[in-house]
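Notes for the structure review
Residue-level listing of the chains:
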Amino acid sequence: MTIETTTPAIAATDSVDLASVFAHSQVSEVLEKLDRELVGLAPVKARIGDIAALLLVDRARTSLGLSTGSPSLHMSFTGNPGTGKTTVALRMAEILHRLGYVRKGHLVAVTRDDLVGQYIGHTAPKTKEVLKKAMGGVLFIDEAYYLYRPENERDYGQEAIEILLQVMENQRDDLVVILAGYKDRMETFFRSNPGLSSRIAHHIEFPDYAEDELLAIAERMLDGMQYRLSAGARSALAEYIGLRRAQPHFANARSIRNALDRARLRQATRLFAERGRQLDRGALMTIEAVDIRQSRVFAPANPQA
Amino acid sequence: MMTNHGNRLTQGQFSFLPDLTDAQITAQIKFALANGWAVNVEYTDDPHPRNTYWEMFGMPLFDLKDPAGILTEINACRKTFPNHYIRVTAFDSARGWETPRMSYLVNRPKVEPGFRLVRQEVDGRAVRYTIESYAAQAPEGMRYT
């Protein structure tokens, strides 16, 4: 009897227009901005889109009086150096704020030093204070694997992890924790802390950038600094990226940023050397092929050529 | 008047109203944070109105953005001192103010015996009046059990 009377009532009286909920939340704007400003990272963007969809559907469900378990949004970002983990974490705070999942949308970025104390009894207040500061926003723990030092059994990192776990579980509405680090070391870290791994719903892996993506990133960086590449410099940079990727200690976008900083130094030196000349706007803005080709990366190739 | 009919302590804001709910406390904290005031949780078991020195629970809560962290602290304090008076103060450090701008009770003992009027005869027949908390006659820590 009761089933017959209650179920049609819910289905008949209420309906919700997802499109209007979506338009109302301004989420599309944030997602578009993310898509526009970050090159590549397709799996990351797809996952963020999924999360946004889930939160919107949850909101629609709430408006119809259906129960919604508050989703666990703790995340781990793994990937090689320079793949944009920190950048995305910063954006994540804004996205979750727009979605109405976190109340304030600020990001508190910490490392081991900010959580783990120096002596017995120092860790718990320190960790709790950081957690309190992060409430209403996102707590970003960079290089999270340093929290756990298996070689020292009296290390206080374990205590910090335990407090973290407790808050991650009990106060899911109050803050979102994002752990980030290099892939292999994060895997070891999660293997030795299974409780932590299982409380993180979203393990997002950041892929390495392809060569054309790195070139696009370089142009975007230069654009931000109000520089531009000449046609020759562009092909030189493409060549540079190909060579640099093969070398050890390649850190994706970070290596590109460093290369561009050095190219700016060389451009400045070049312009300074010919200081008799009047410089126009274009000369000050343009990075020429020679600025890039002087790089050490081209050195071993040159004698053979 | 320090007390009203139920012998309920009336100090600070909202004290003539029914006890604040957690949602109402959160809203008040949000107001304090929005004004940039530093919020503290303090407790005592000496309800005398001249007792201005309440113990601070934990650290001062600087640099918080969201009330949830402070509510956690209030609940921790309630758990530790379920039968003490607990108040939340919001300190304004702006020059010219430099004083608590808000102060309200968030926890009170289950039984509040109230205050006794004490009369003292001095200088012949002159009488001095003062009040004394019945609870405060027991030693500290044993007053509300």
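Please refer to the structure placed before this passage.
In this report, the structure presented in the accompanying data block is examined.

1. What to know about the overall build of chain A
When its secondary structure is counted, chain A shows 16 helices and seven strands. Here the C-alpha atoms of chain A give a radius of gyration of 25 Å, more than 25% beyond the 19 Å that 2.2 N^0.38 yields for 305 residues. Taking the principal axes of its C-alpha atoms as reference, chain A extends roughly 90 × 55 × 35 Å.

2. With respect to helix H1 (residues 22-34) of chain B
Residue and element names in this part refer to chain B. With 13 residues, H1 should cover 18 Å at 1.5 Å per step; its first-to-last C-alpha distance of 18 Å lies within 8% of that length. Listed as buried for H1 are Ile29, Ala32 and Leu33. One face of H1 carries all of its buried residues, which in axial projection span an arc of 95°. Residues of H1 that are exposed and point more than 90 degrees away from the buried face comprise Ala23, Ala27 and Ala34. For H1, the elements touching its buried residues are strand E1 (38-44), helix H2 (67-80), strand E3 (85-92) and strand E4 (99-107).

3. Looking at the interface of chain B and chain A
Listed as interface residues are nine residues of chain B and, on the opposing side, 12 residues of chain A. Split by residue class, the side of chain B that touches chain A holds four nonpolar, two polar and three charged.

4. Describing the sheet that holds strand E5 (residues 202-206) of chain A
Residues and elements named next belong to chain A. Taking strand neighbours across the sheet as the criterion, the five strands line up as E2-E3-E4-E1-E5 in an open arrangement whose pairing is parallel. With one partner strand each, in any of the chains shown, strand E2 (107-110) and E5 form the two edges of the open sheet. The sheet shows a mean angle of 20° between the axes of neighbouring strands, taken without regard to direction. Sheet topology places strand E1 (residues 75-79) next to E5; five bridges connect them, and they run parallel. Opposite Thr78, over in E5, you have Glu205 as the bridge partner. Lying on the sheet, helix H7 (residues 123-134) is in contact with E2 and strand E3 (138-142); it crosses E2 at an angle near 155°.

5. Some points on the environment of Glu151(A)
Within the fold, Glu151(A) resides in the loop between E3 and helix H8 (157-170). Distance in space between the C-alpha atoms of Glu151(A) and Glu187(A) is 17 Å, their sequence separation being 36 residues.

6. A closer look at the pairing of E1(B)
Residues and elements named next belong to chain B. The pairing of E1 with E3 spans seven bridges and is antiparallel. Looking at the pairing, Val39 lines up with Ala90 of E3. Bridge count between E1 and strand E2 (residues 55-56): two bridges; the pairing is antiparallel. The partner of Glu42 across the bridge, within E2, is Met56.

7. Topic: the packing of helix H2 (residues 18-25) of chain A against helix H4 (residues 42-63) of chain A
All names here are of chain A. For the pair H2 and H4, interaxial distance at closest approach is 10 Å and the crossing angle is 115°. Considering how the two elements wind past one another, H2 and H4 form a crossing that is right-handed. Here H2 contributes Leu18, Val21, Phe22 and Ser25 to the contact with H4, which in turn contributes Leu56, Arg59 and Ala60. Broken down by class, the residue content of the contact of H2 with H4 amounts to five nonpolar, one polar and one charged.

8. Side note on the nonpolar core
Core analysis: the biggest nonpolar cluster contains 73 residues, and Leu96(A), Val138(A), Leu139(A), Phe140(A), Val177(A), Ile178(A) and Val39(B) have the highest contact counts within it. Of the residues forming this core, the biggest block, six residues, is contributed by helix H5 (residues 85-98) of chain A. Apart from residues no more than four positions distant in its own chain, Leu139(A) is found in contact with Val108(A), Val110(A), Leu131(A), Ala134(A), Leu175(A) and Val177(A). Of all hydrophobic cores here, the second largest spans 18 residues; its members include Tyr209(A), Ile217(A), Leu229(A) and Val297(A).

What counts and what doesn't
- Residues numbered from 1 in each chain as written.
- Chains lettered and ligands numbered in written order.
- Predicted model: local features only at pLDDT ≥ 70, side-chain atom pairs only at ≥ 80, totals over all residues.
- Helix = DSSP H or I, 4+ residues; strand = E, 2+ residues; numbered from the N terminus.
- Rg over C-alpha atoms; globule rule 2.2 N^0.38 Å.
- Expected span 1.5 Å × (residues − 1).
- Buried ≥ 20, exposed ≤ 12 C-beta atoms within 10 Å, placed from the backbone.
- Arc of directions from axis to C-beta.
- Contact = placed C-beta atoms within 7 Å.
- Nonpolar A, V, L, I, M, F, W, Y, C, P; charged D, E, K, R; others polar.
- Pairing = 2+ DSSP bridges.
- Axes fitted to C-alpha atoms, helices over the stretch in contact; angles between N-to-C directions.
- Left-handed = near helix turned anticlockwise from the far one by under 90°.
- Core = buried A, V, L, I, M, F, W, Y, C linked by C-beta atoms within 7 Å.

From the geometry alone we can't say anything about function, so treat these as descriptive.
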